[in-house]
Amino acid sequence: MRARGGDFLAGLRAAARRLGRSPGSTLVAVLALGLGIGANALVFGFVDRLILRPPAHVRAPDEVVRVLLEEPARPGADGPAFSDATSFLVLRTLRDAVPGLRGVAGARTVRLSLREGSDAHEVRAALVSPSYFALLGVPMAVGQGFPSVPEEEGRELHLAVLGHELWTAHFGGDPHVLGRTLQVGGRAYTVAGVAPAGFGGLDRRRVDLWLPFPAALEGDARLADWATDVEAAWVSVAARLRPGATPAEVERAATRAVAAMHEAAGRAADDVARVVLAPAIPGRGPDAPREARVAVWAGAVAALLLVMTCANVAHLLLARAHERQGELAVRVAIGAGWRRLGGMLLTEAALLVAAGCGIAVALAVIGARALAPLVLPPDAVALPVVDWRLLGAMLILAAVTTVLVAALPLRHALTANVADLLRASGRARGAPPRRGVPGLLVVQAAVCTALVAGTGLFVRSYAQVMGLDLGVDLDRTLVVTIDWRATSLRAPERAAFLEDARARLLAAPGIERVGVAEGSPYL
C-alpha cells in the first residue's frame, strides 16, 4: 500500500513538473476549465432548485401530486391553459369521491399582519387544510402541528405553526414558544408547532406562518362562502396517490367526479375543466414557471460551453503532445503501454481540472449570490449556496472533464507510429499539425461564434427590457399596506380613514404625492 501511495505521489509530482514547463498554456487551461466547470455548476444549482430537488422534508414525494385544471385552448393560444386554483367544493369532491387518492389538502398564500404589543409587521402566511402536514408527511421541528381533521371540523382550530425562519429571527429559536398567543390578522392563534428548516410547501416559497384556513377564513368578507361557492377559485390542491393507483386512472376518475359535482350544482358540463395531476415539483409540470424553462435553456448553453472548454484544453494538451512526441516515442519504444501513457496523461488532466475546480467553486458561489434574485422566484426558501448536491455535481463534472481532456492526446499518442514519432522529433517544432486538428479548430471557431452571438443577443435583449420606462419612479416610492381584518371599520369608515391618512401624509415634509390604490402592480 505504501509503495502504491508513493508511486501515486511521485506521478503527481512528475505531472506537476511537466505542466510547469509551460506555465502560460497551463494557466490558460486552468482558467478555461474553471470557467467551464464553474458555469455548469452554477447552472446546475439553479436547475436543481427549480426542477430536480424534491420539496424538503416531504415523505415519498413521488406519491404526491398537484391538482391542476386544464382549460381548453383558446383561439390564438399556443396550447391549453393550466390553473392550480380551484374551489373548496372541488377539493372536497376529490377527497371524498376519488378512491385513488389517499389524502387531499389545500393551501392558499396570503399576507397578514403579525402584531406584537404596539408593533405590527407583515408576514407571509399559508392558509392550509388541517391535514396538510400529515398528508405531506412533514415532521415538526418543535411541537405537534395541527390535528388531521376534515376541513369542515376545523373552524375552531385557532392554531399556528411558525415558519423556521420566523421562529429563529423573531423568537430567538425558543423551544418554549409553544402555547404562546399571537395576534395575526386581528385574530388570536396559539402556537402549536414550528416547521422544519427549509420547508416552504410544494412551491418552496418562504412561509412565516401556517394557519388552518377553516378558522382563518371565518369572518373574511371576501371569502364568506368559501365552503359552498362553486365559482370561488381560491385554493391550490395537493394529493397523495394510493399504492398501485396510476395518475392516468386517477385523472379520469377525478374528472368524472368533478363533472358530476358541477352538474349537480347546475353548471353546464362543457364548462368543466379536465383534472390533471402534475408532479409535486412545479418545474416538472405542464405549468412550469418561466424560471424553470430559462434554467433548462441555460443548462444547455452551459453544457455546450463545457464541451467547447474541453475541446480547447484538449487542443492545448495535443499541441504539447506534439512538442513532446520525441518523449512519447521513447516511452512507447521502451514498452510503455496504453495504461502507462493513459495514466500519465490522465494525471496531467486531473491536475488541471483540480486547479480549475478551485476557480469553479468561487465562480459558482459568487454567481449564485448575484443571480439568485434574478433566477429564483420571489420569496424562495433560503437554502445554502453550496451544498453536497452541488459539490457532488462538480465532482462528476470534474471526472467527465478529465476524461474528455485526456482522450484526444491519448489517442494521438497510441495511434502514432513509433518510427515516425522519432523522426518527427528531430525536425523543427513548427511542423504541420496532424490530420483532423484543422477540423477541430473549425468546429471550435463555429461553436464560439454561435455562443458569442447568442450571448450578445441575450445581453442586448435583457438590457432593453431592464431599460424600459414604466413611467413610475420606483426608487422614490413607498408603499403602505393596511390589513383591514385587524379592524372593525365598515366601508364608509375605511374611506374616511384613508382620506384622513392621505391628507396627513401630504402635510408631512418630504412627501410630494400620495395615492390610494387597491393593489401595487409594479411591486
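For Ala 360, the position within the fold is in helix α10 (residues 338-375). Remark: the alpha-carbon pair of Ala 360 and Gly 38, spanning 322 residues in sequence, is separated by 3.7 Å. Apart from the residues within four sequence positions on either side, Ala 360 is in contact with Gly 34, Ile 37, Gly 38 and Met 394.

It is worth spelling out the packing of helix α3 (residues 88-97) against helix α7 (residues 247-264) at this point. Packed helix pairs are characterised by how far apart their axes lie and by the angle those axes make with each other. Relative orientation of the contacting elements α3 and α7 amounts to 125 degrees, with a least axis distance of 10 Å. If you check the angle between α3 and α7, you find them oblique. Both α3 and α7 take part in a crossing whose hand is right-handed. Along the contact surface, α3 presents Leu 89, Val 90, Thr 93, Leu 94 and Ala 97, while α7 presents Ala 254, Ala 257, Val 258, Met 261 and His 262. Broken down by class, the residue content of the contact of α3 with α7 amounts to 8 nonpolar, 2 polar and no charged.

The next point concerns unusual backbone geometry. For His 57, which is not glycine, the phi dihedral falls at a positive 70 degrees. Mapped onto the elements, His 57 comes out in the loop between α2 (23-52) and β1 (64-71). If you check the backbone angles, Ala 60 has positive phi at about 45 degrees while not being a glycine. Summarising the element assignment, Ala 60 is placed in the loop between α2 and β1. Judged by relative accessible area, Ala 60 falls into the partly exposed class, the value being 30%.

Our next topic: the packing of aromatic side chains. Geometry of an aromatic ring pair is reported as the spacing of the ring centres plus the angle between the planes. Counted under the stated rule, the structure contains 11 aromatic pairs. Pairing Phe 133 with Phe 199 gives two aromatic rings, centres 6.0 Å apart and planes at 50 degrees, and the pair type is tilted. A residue pair is termed long-range when its members are at least 10 positions apart, and Phe 133 in helix α4 (residues 132-136) and Phe 199 in the loop between β8 (187-194) and β9 (209-212) qualify at 66 residues. Ring centres of Phe 199 and Trp 210 lie 5.2 Å apart, and the angle between their planes is 25 degrees; this geometry places the pair in the stacked category. Taken together, the residues Phe 199 in the loop between β8 and β9 and Trp 210 in strand β9 connect sequence positions 11 residues apart. By relative accessible area, Trp 210 is classed as buried at 2%.

How each quantity is defined
- Residues numbered from 1 in each chain as written.
- Predicted model: local features only at pLDDT ≥ 70, side-chain atom pairs only at ≥ 80, totals over all residues.
- Heavy atoms only, no water.
- Helix = DSSP H or I, 4+ residues; strand = E, 2+ residues; numbered from the N terminus.
- Contact = heavy atoms within 4.5 Å.
- Axes fitted to C-alpha atoms, helices over the stretch in contact; angles between N-to-C directions.
- Parallel < 35°, antiparallel > 145°, perpendicular 65-115°, else oblique.
- Left-handed = near helix turned anticlockwise from the far one by under 90°.
- Nonpolar A, V, L, I, M, F, W, Y, C, P; charged D, E, K, R; others polar.
- Buried < 20%, exposed > 50% of the residue type's maximum accessible area, 1.4 Å probe, protein only.
- Phe/Tyr/Trp six-rings, centres within 6.5 Å; stacked < 30°, edge-to-face > 60°.

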